[in-house]
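Structural features, examined
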Amino acid sequence: MKYSSHPNPQFERKNIEVLNGKWDFGFKKSSKSFKFSEDFQKAFDFREKAEYPYEINVPFCVESSLSGIGYTGFINEVWYRRKINLCKDGRRIFLHIGAADNLTSVLVNGKPAGRHKGGFTSFSFEITELAVDGENEIFILCEDDVKNPYVIRGKQSEKLKSHGCDYTRTTGIWQSVYIEYTPAHYVKNFRIYPDINGFVTVMAELCGKGKLTCKALYNGKEVGQAAVKNAAGTCLLQIKLDEKHLREPGKGRLYDLEITFGKDKIKSYFGLRSLRLDKMKFLINEKSVFQRLVLDQGFYKKGIYTAENDDELKRDITLSMALGFNGARLHQKVFDPRFLYFADMEGYLVWGEYGNWGLDYSNPKSVDVFLGEWSEAVSRDFNHPSIIGWCPFNETWDYKGKPQYNKLLSTVYDYTKAVDPTRPCIDTSGNFHVKTDIYDLHDYRYDPKEFKESYDRFVTENYLYEHVLIDNPGRQQYRGEPVFISEYGGIKWEADKEIKSWGYGVDVKTPEEFAQRYCGLTDAITQNEKMFGFCYTQLYDVEQEQNGLYTYERKKKFDDKIYDRIIESNKRKALIEKEG
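A brief structural summary. Note that this is a predicted model, so its numbers are computed, not measured.

1. Focus: the sheet that holds strand E1 (residues 16-18)
Ordered by their spatial adjacency, 4 strands build an open sheet running E1-E12-E5-E9, and the pairing between neighbours is antiparallel. Where the open sheet ends on each side, the last strands, each with one partner, are E1 and strand E9 (123-126). The mean angle between the axes of side-by-side strands here comes to 20°, regardless of whether they run parallel or antiparallel. Pairing between E1 and strand E12 (residues 177-182): 3 bridges, direction antiparallel. Note that in E12 the partner of Ile16 across the bridge is Glu180.

Right under this line is the structure:
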């Protein structure tokens, strides 16, 4: 499989123009009178009166140093302008924005192109009728308010400064912007369904009518194809593969996929693997695979939500795998498609999540807000073989003293399973479970002996210690689902003693004590025959939260002897992986 530089390598057309780089820019600080716009009028007004005192480096948010601005106070409105040359030549033209936080309105040559709500997901607008041959003006207005109970913020701090496990905010564009040209008849979308028996099914959503051909290749060699004449609407093709190469943890083994619909040509890829829960086990290709995961927040010191380059994206996967992890929870954020691309290539296992924090999940109105945004995340990332499960919510504690609206969690779970029955879904990681395939727990107890004895009782008595329920009796009930500890550890070791750091539990005093606690907690999970995985908090420090295995700059915090012990503990064969 050849390397791709496309912003979304799973849906690659040749005819694109990436618009990253310098844009004219302005922003407004937070105002008590701020209200989200209901239509395009605010965008019209801003464009008419806007001043552009800055240049910003897209796709980096205004808060980041890489943007060239680095303002970290509260911001409600940011606006962008760029003039570009376009050439129609009988083609359709689409404007793609990888992600922009939070409500985005786009004008092309002063006319409405489209609006999008949600700060984590990709979107596009067809601008064919608005564009002219020659110079065109693109104007983008983004509105945000992290204090609004119907704005989903994830780990962005709702206070002026970062605190605890909340960090610097991201406002406006934070993923790639690009123009894409398509023929008049084109492929709108497609889904890939791999079958480890040696088949792959493609479901293509088409605009227009024509011959549809799908070709699979492995290491450049064609291994199967299928075609349909006069294809239109939604079309299914099944390809029988001449060669079977199963994707496994640490081994990507990706097939290339070429889709042709008339004059429209798309490059994509897929991995051949199956996922299934069986009693207490998580099976990949019908083998019990213990998930050795680490929490990845997706934050970068210079770019905040956005990596400076591909090397930064790849580095986190490399660092994780070097310590014996085989995957990660991609925490409280929808990650850049290029991160998932590298995870796909490396055979890395990840959970697709969403940044649900900030949402008033006690209010029934939250169903409409969340489901609309979550559906876009599932649709965009469905084809990534690295994603082995969905987890839309994380720790749905009481919202200002009000309990979660349980119907929100069950509705989102039902939706997720309806559109993707191929992957398990955790309704809310940690608590409070309502309807879930997996019963995961967050446990930051720091005494390895107490930790082990508690989960040993799960084997002997089917007893699950749940510290979140001690003060919240009756909030959730274990019904025999597979179990893993999806957050634990969080052991603080300060790399930067100049800031007030934060972590979980009682602080350790020496690197040796750190290693003892890490290995003791981890061994208690791997050596429990009813646990199918763990997720350690966390891979690297983020600002004041200094419980990472590396610093925020991804530098080592310990000498190699300590890391060797961590690796040995992570790689120890888990009891649940035994045959039978």
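2. Details of the environment of Lys500
When you line up the elements, Lys500 lands in the loop between strand E28 (483-489) and helix H7 (511-526). A sequence separation of 77 residues divides Lys500 from Glu577, and the C-alpha atoms of the two residues are 41 Å apart.

3. Describing the sheet that holds strand E4 (residues 75-86)
The strand order across the open sheet built from 6 strands is E3-E2-E4-E10-E7-E8, with neighbouring strands paired in antiparallel fashion. Of all strands in the sheet, those with a lone pairing partner are strand E3 (54-58) and strand E8 (111-117), marking the two edges. The mean inter-strand angle of the sheet, taken between neighbouring strand axes irrespective of direction, is 25°. Where strand E2 (residues 21-29) lies against E3, 5 bridges are found, and the strand directions are antiparallel. Its bridge partner being in E3, Asp24 is matched across the sheet by Glu55.

4. Focus on the nonpolar core
One recurring pattern in soluble globular proteins is that nonpolar side chains are buried together. Phe370, Val483, Tyr488, Phe514, Tyr518 and Leu549 are the most contacted members of the largest nonpolar core, which totals 100 residues. For this core, the element with the most residues is H7, which contributes 7 residues. Once residues lying within four places of it in the same chain are set aside, the contact partners of Phe514 are Ile491, Trp493, Val508, Tyr536, Leu549, Phe558 and Ile566. Within the second largest apolar cluster, 31 residues are counted, among which are Ala100, Ala113, Ile127 and Cys142.

5. Observations concerning H7
For H7, built from 16 residues, the straight-helix expectation of 22 Å at 1.5 Å per residue is met to within 8% by its first-to-last C-alpha distance of 22 Å. The elements touched by buried residues of H7 are helix H6 (448-461), E28, strand E29 (531-537) and helix H8 (560-571).

6. Notes on helix H5 (residues 406-419)
Owing to its 3.6 residues per turn, the α-helix aligns residues three or four sequence positions apart on the same side. For H5, which comprises 14 residues, the first-to-last C-alpha distance of 20 Å matches the rise-based estimate of 20 Å (1.5 Å per residue) to within 8%. Of the residues making up H5, those classed as buried are Leu408, Leu409, Ser410, Val412, Tyr413 and Thr416. Residues of H5 that are buried sit in contact with helix H4 (366-381), strand E24 (387-391), strand E25 (393-394) and strand E26 (428-429).

7. With respect to the side chain of Asn285
Structurally, Asn285 can be placed in the loop between strand E19 (281-284) and strand E20 (287-288). Judged by its relative accessible area of 10%, Asn285 falls in the buried class. Engagement of the side chain of Asn285 in a polar contact is seen with the backbone oxygen of Arg247, the distance being 2.8 Å. Here Ser274 takes part through its backbone nitrogen, which lies 2.9 Å from a polar atom of the side chain of Asn285. Those residues in contact with Asn285 that sit more than four places away from it in its chain are Ile196, Leu246, Arg247, Glu248, Leu272, Arg273 and Ser274.

8. Digging into the pairing of E12
With 6 of 6 residues buried, E12 is to be regarded as a mostly interior element. The side-chain alternation of E12 yields two buried faces, one formed by Val177, Ile179 and Tyr181 and the other by Tyr178, Glu180 and Thr182. Pairing of strand E5 (residues 92-97) with E12, which is carried by 6 bridges, proceeds in the antiparallel orientation. Looking across to E12, one finds that His96 is bridged to Tyr178.

Rules behind the numbers
Residues numbered from 1 in each chain as written. Predicted model: local features only at pLDDT ≥ 70, side-chain atom pairs only at ≥ 80, totals over all residues. Heavy atoms only, no water. Pairing = 2+ DSSP bridges. Helix = DSSP H or I, 4+ residues; strand = E, 2+ residues; numbered from the N terminus. Axes fitted to C-alpha atoms, helices over the stretch in contact; angles between N-to-C directions. Core = buried A, V, L, I, M, F, W, Y, C linked by side-chain atoms within 4.5 Å. Buried < 20%, exposed > 50% of the residue type's maximum accessible area, 1.4 Å probe, protein only. Contact = heavy atoms within 4.5 Å. Expected span 1.5 Å × (residues − 1). Polar contact = N/O pair within 3.5 Å; in protein donor to acceptor, adjacent residues only side chain to side chain.

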